Amino acid sequence: MAAAQKIKRTVYVGPFVHSQSLQKLDICPTGAIGVDETGKIAFVERDVKDIGDVIPVTQKHGWQNSQIVRTKDNGFFFPGFIDTHIHASQYPNTGIFGKSTLLDWLNTYTFPLESSLSDLSKARRVYNRVVARTLSQGTTTAAYYATIHVPATNLLADICLAKGQRAFVGRVCMNAMSPEYYRDESTEAAMRSTRECIEHVRGIDPGFEIVSPIITPRFAPSCTRECLREQGKLHQETGIPCQTHISENKNEIELVKELFPESKSYADVYDSAGLLTEKTILAHAVHLTEEEKALIKEREAKISHCPASNTALTSGSARVRQLIDQGLTVGLGTDVSGGFSPSILEMVRQAVWVSRHVAMSDGDQAKLSMEEALYLATRGGAKVVGLAQKVGGFDVGMDWDAQMISLGSVAEDGLTGDEIHKDPVDVWGWESWDERVAKWVYNGDDRNTAAVWVKGRLVHQRASFRP
Ligand SMILES: O=c1[nH]c(=O)c2nc[nH]c2[nH]1
Ligand SMILES: [Zn+2]
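What this report covers is the structure whose coordinates are included nearby. (Residues numbered from 1 in each chain as written. Chains lettered and ligands numbered in written order. Predicted model: local features only at pLDDT ≥ 70, side-chain atom pairs only at ≥ 80, totals over all residues. Heavy atoms only, no water.)

### Things to note about the overall build of the protein
A tally of helices and strands in the protein yields 15 helices and 18 strands. Over its C-alpha trace the protein gives a radius of gyration of 22 Å, about what one expects of a compact globule, namely 23 Å for 467 residues. With the C-alpha coordinates of the protein rotated into their principal frame, the extents come out at 70 × 50 × 45 Å. By the burial criterion, 60% of the 467 residues in the protein qualify as buried. If you take every contact in the protein between residues at least 6 apart in sequence, the share linking residues at least 24 apart comes to 72%. In the structure as shown, the protein presents an accessible area of about 18,400 Å², 49% of it carried by carbon and sulfur atoms. When the 51 positive and 58 negative side-chain charges of the protein are each reduced to one mean point, those points stand 3 Å apart. (Helix = DSSP H or I, 4+ residues; strand = E, 2+ residues; numbered from the N terminus. Rg over C-alpha atoms; globule rule 2.2 N^0.38 Å. Buried < 20%, exposed > 50% of the residue type's maximum accessible area, 1.4 Å probe, protein only. Contact = heavy atoms within 4.5 Å. Areas by Shrake-Rupley, 256 points an atom, 1.4 Å probe, with all protein chains shown as cover. Lys, Arg positive; Asp, Glu negative; His and termini not counted. Charge placed at Lys NZ, Arg CZ, Asp CG, Glu CD.)

In structure tokens form, the structure reads like this:
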């Protein structure tokens, strides 16, 4: 059953920042957002200049006895981040990838670690930590890959629910081209295990309110045609979302051509198996052809852009601006541990950097702005995981999935040691709000994430912050 949670009506008072559109950040320096007992945003007020203005606002909305939470120290509220692609099971390997590229990386680093999570006590340590770590970095929703193991995958779902992180939890399906020690025995066994995980999540969160299952064929080479087709059938019959990888690395694309000679393209392998729908998340999409992009657009499948992973594994530079301009729906993914960081704030920076490297060869139109990258991290991600009406912004009726960012007090002379370490961003007091947001994006980290809420529930807070 979903963890019991008692939420008090709360007014969040202080500046708030969220995306109005792909290009436009809405920065309100004098905000007050009312969140009701169900964790939904009941009102958004924009002219609450000081604490004396709060009582009239609560009276206007007929709210007595509501709790007030205020920002402090150059703080602001920002929507929770959405990680559209992360391998929870690979978390212990973050930063460990050497000079490998995708296919040797899988065999050298990834399969041995994933297979070791058949040990439930190890899985518990890893999953408790990755959920705690991503929450502490403001990730309120994550689309997770677990491993092939049913008990460990179910444990990840339990941990997400207990800690209150919105999550899509996928048991990885792989019955081909995988080591003997780490593979599903057959299509039948793979489907049985996938169904068991779906039923487990249905048992703990029947409405998939916080945790949802997600059908997860690892990538085309690791599944037989029959297995892909069965996963596709399940996806179509149940409406449960699906996630996989596509077109990450040139050798991988060649392998797909060899394994599926009858298919027109990598995207067509998924399409002919019934796996390319509006509820499909495709990670990477670095080397898609024009025909594949058109097919993905037609099917309304979504793309998770994973810039850190693409750089670390030298897979290539996704033309993210072009994908967006061509009408594809894009969010950001850490792709831990192909990606070296579990932070979506870091992915915002990495997405901007990758686009600028592309711009150096393709021209300035390839550049992604900071505002656009923040959109991908929030509203874009929400579209990718099918939650655009619920999360990603501060609109009335949306759930309060939010983080309080605190940049710290204005820089003083003479700070040393722990004092200077406490706040990674130096604020001087003369910056505009636009500039403060930019300083957070380019210099901030989890020390600035003072508190995090999912559906109105406080799921992380720094010790120095007491609401
Ligand atoms: O980034 C990736 N991470 C993985 O674990 C994986 N498996 C197949 N293809 C993959 N790509
Ligand atoms: Zn991945």
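### Let's talk about empty space enclosed by the protein
A probe matching the size of a water molecule, rolled over the atoms, marks out where space remains unfilled. Taken as a whole and assessed by the stated rule, the structure comprises two cavities of 30 Å³ or more. Its boundaries defined by the atoms lining it, the largest cavity holds a volume of some 80 Å³. Lining the largest cavity are His-87, Leu-102, Trp-105, Leu-106, Arg-218, Phe-219, His-245, Glu-248, His-284 and Asp-335. Partitioning the lining of the largest cavity into residue classes produces four nonpolar, three polar and three charged. Here the second largest cavity defines a volume of roughly 30 Å³. Forming the boundary of the second largest cavity are Val-169, Gly-170, Arg-171, Thr-194, Cys-197, Ile-198, Pro-213 and Ile-214. Mapped onto the lining of the second largest cavity, the elements with two or more residues apiece are β8 (166–170) and α5 (187–204). A total of three residues in the lining of the second largest cavity trace back to one element, the largest contributor, which is α5. (1 Å grid on protein atoms, 1.4 Å probe; cavity = no way out; pocket = protein on both sides within 12 Å on 5 of 7 lines; lining within 4 Å. Points joined across faces, edges and corners; volume = space filled by probe spheres on them. Nonpolar A, V, L, I, M, F, W, Y, C, P; charged D, E, K, R; others polar.)

### With respect to the coordination of the zinc ion (ligand 2)
Distances from the zinc ion (ligand 2) to its protein donors, His-85 (NE2), His-87 (NE2), His-245 (NE2) and Asp-335 (OD), fall within 2.0 to 2.2 Å. Ordering the donors of the zinc ion (ligand 2) by residue number gives the pattern H-x1-H-x157-H-x89-D. Pair noted here: His-85 is in strand β6 (residues 81–87) and Asp-335 is in the loop between β15 (329–332) and α12 (344–362), with a separation of 250 residues, a long-range link. Assigned by exposure class, His-85 and Asp-335 land together as buried. (Donors = N, O, S within 2.8 Å, 3.2 Å for Na, K, Ca; no water.)

### Topic: the sheet that holds strand β12 (residues 242–246)
Here we have four strands laid out as an open sheet, ordered β12-β13-β14-β15, and parallel in their pairing. This sheet does not close on itself; its edge strands, each paired only once, are β12 and β15. Recorded for the sheet is a direction-independent mean angle of 30° between the axes of neighbouring strands. (Pairing = 2+ DSSP bridges. Axes fitted to C-alpha atoms, helices over the stretch in contact; angles between N-to-C directions.)

### Observations regarding the site of ligand 1
Every residue near ligand 1 is listed here: His-87, Gln-90, Leu-102, Trp-105, Leu-106, Arg-218, Phe-219, His-245, Glu-248, His-284 and Asp-335. In the model, a nitrogen atom of ligand 1 is placed 2.7 Å from a nitrogen or oxygen of the Glu-248 side chain. His-284 is positioned with one of its side-chain polar atoms (N or O) 3.1 Å from an oxygen atom of ligand 1. In the complex, 100% of the free accessible area of ligand 1, which totals 280 Å², lies under the protein chains. Given that more than half its atoms are within 2 Å of the pocket grid, ligand 1 belongs to the largest cavity. Considering each element in turn, the shell around ligand 1 owes the most residues, three residues, to helix α2 (residues 102–116). Of the residues assigned to the shell around ligand 1, the class counts are four nonpolar, four polar and three charged. (Near = heavy atom within 4 Å. Polar contact = N/O pair within 3.5 Å; in protein donor to acceptor, adjacent residues only side chain to side chain. Sits in = over half its atoms within 2 Å of the grid points.)

### Digging into the sheet that holds strand β10 (residues 211–213)
A sheet is described by the order of its strands in space; here four strands give the open sequence β6-β7-β8-β10, paired in parallel fashion. Unpaired on one side and paired on the other, β6 and β10 mark the two borders of the sheet. The average undirected angle you get between the axes of adjacent strands in this sheet is 15°. Relative to strand β7 (residues 139–145), β6 runs parallel, the two being bridged by five bridges. By the bridge assignment, Ile-82 is partnered in β7 with Thr-141. Packed on one face of the sheet, helix α3 (residues 120–136) meets β6 and β7 and runs near 145° to β7.

### Re the layout of surface pockets
Estimated volume of the largest pocket: approximately 350 Å³. Lining the largest pocket are 22 residues, with Phe-168, Pro-241, Val-385, Gly-386 and Leu-387 sitting closest to its centre. Counting only elements with at least two residues in the lining of the largest pocket, the list comes to β8 and α13 (370–384). The residue makeup of the lining of the largest pocket, split by class, is twelve nonpolar, three polar and seven charged.

### Some words on the state of the cysteines
Evaluation of the coordinates by the stated rule reveals zero disulfides. Distance from the sulfur of Cys-160, which forms no disulfide, to the nearest cysteine sulfur (Cys-197) is 13 Å. (Disulfide = S-S within 2.5 Å.)

### A look at a negative patch on the surface
Side chains of Glu-412, Asp-413, Asp-418 and Glu-419 sit close together on the surface and give a patch of like negative charge. Tracing the chain through its elements places Asp-413 in the loop between β16 (402–406) and α14 (417–422). (Patch = residues over 30% accessible without salt bridge, like charges linked within 9 Å, V, L, I, M, F, W, Y side chains within 5 Å. Salt bridge = Lys/Arg side-chain N within 4 Å of Asp/Glu carboxyl O.)

### Notes on α12
Taking 1.5 Å per residue as the helical rise, α12 with its 19 residues ought to reach 27 Å, and the 26 Å between its terminal C-alpha atoms agrees with that figure. The opening residue of α12, the one whose side-chain oxygen lies 3.2 Å from the backbone nitrogen of Leu-345, is Ser-343. Looking at the residues trailing α12, positive phi occurs at Gly-363, about 110°. (Expected span 1.5 Å × (residues − 1).)

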